[in-house]
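Now for the letters of each chain:
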Amino acid sequence: MTRREDRRVAIDILYQADLTSAASADVVADWRAVGREVPTFTAALVEGVTQRLPDIDLLLETHAEGWSVHRMAAVDRTILRVGVYELLWCDDVPTSVAISEAVEAASELSAEDAKRFVNGVLGRIARDEGVA
């Protein structure tokens with residue numbers, strides 16, 4: 001699998017955990033139990049987002065002008081969480097890659113305006129956190 005595919009699996013797992021209020025580790029275990037592949041990079045993203053979730057959501061609340069995290073569409077919220085984690089805590093992922101991958105995921109998985117929203121929020125976070 002490519003890193004892009006690994007990210008999509010992470011988004012799927014975190015989205016499922018968000019919608020079902022399940023622990024992300026339980027979702028990963030369930031996926032593996034039925035023979036679905038959970039690559040190492042995917043597992044690292046899921047674990048990282050889960051561990052940093054309060055920090056990530058605070059950043060999203062601060063930078064998503066006029067939006068609370070809980071009002072966001074679940075898929076957008078999930079894409080943004082992965083994007084923020086990659087921006088701030090994945091030293092091997094360049095800022096431009098983290099943002100472009102999140103925008104690409106939003107354009108494929110969400111509504112038409114989502115890619116602009118995701119790009120704007122992640123761009124503000126990158127700028128304000130000094131990773132731009």
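Please read these numbers as outputs of a predicted model, since none were measured by experiment.

Definitions and cut-offs
Residues numbered from 1 in each chain as written. Predicted model: local features only at pLDDT ≥ 70, side-chain atom pairs only at ≥ 80, totals over all residues. Heavy atoms only, no water. 1 Å grid on protein atoms, 1.4 Å probe; cavity = no way out; pocket = protein on both sides within 12 Å on 5 of 7 lines; lining within 4 Å. Points joined across faces, edges and corners; volume = space filled by probe spheres on them. Helix = DSSP H or I, 4+ residues; strand = E, 2+ residues; numbered from the N terminus. Nonpolar A, V, L, I, M, F, W, Y, C, P; charged D, E, K, R; others polar. Expected span 1.5 Å × (residues − 1). Buried < 20%, exposed > 50% of the residue type's maximum accessible area, 1.4 Å probe, protein only. Phe/Tyr/Trp six-rings, centres within 6.5 Å; stacked < 30°, edge-to-face > 60°. Lys NZ or Arg CZ within 6 Å of the ring centre and 35° of its normal.

Undergrad: How should empty space enclosed by the protein be read in this particular structure?
TA: The gaps of empty space that remain are located by a probe, the size of a water molecule, rolled over the atoms. Under the criterion given, the structure shown has one cavity of 30 Å³ or more. If you add up the space inside the largest cavity, you get close to 60 Å³. Contributing elements (two or more residues each) for the lining of the largest cavity: helix 1 (3–20), helix 4 (74–89) and helix 5 (95–109). Here the residues of the lining of the largest cavity are counted per class, giving six nonpolar, one polar and four charged.

Undergrad: Which parts of the structure should I look at to understand helix 4?
TA: Each α-helix winds once per 3.6 residues, and so residues spaced three or four apart point in a common direction. The end-to-end C-alpha separation of helix 4 is 22 Å, in line with the 22 Å expected for 16 residues at 1.5 Å each. Judged by how many residues are buried, helix 4 sits mostly within the fold: 15 of 16 residues are covered.

Undergrad: Before we go on, may I ask you to explain the packing of aromatic side chains in this structure?
TA: Each aromatic ring pair is specified by the distance between its two centres and by the angle formed by the two planes. Counted by the stated rule, this structure contains two aromatic pairs. Its guanidinium or amino end placed over the ring of Trp 31, Arg 36 lies 3.6 Å from that ring's centre, counting from NZ or CZ. For Arg 71, the ring lying beneath its charged end belongs to Trp 67, and the centroid distance is 4.6 Å.

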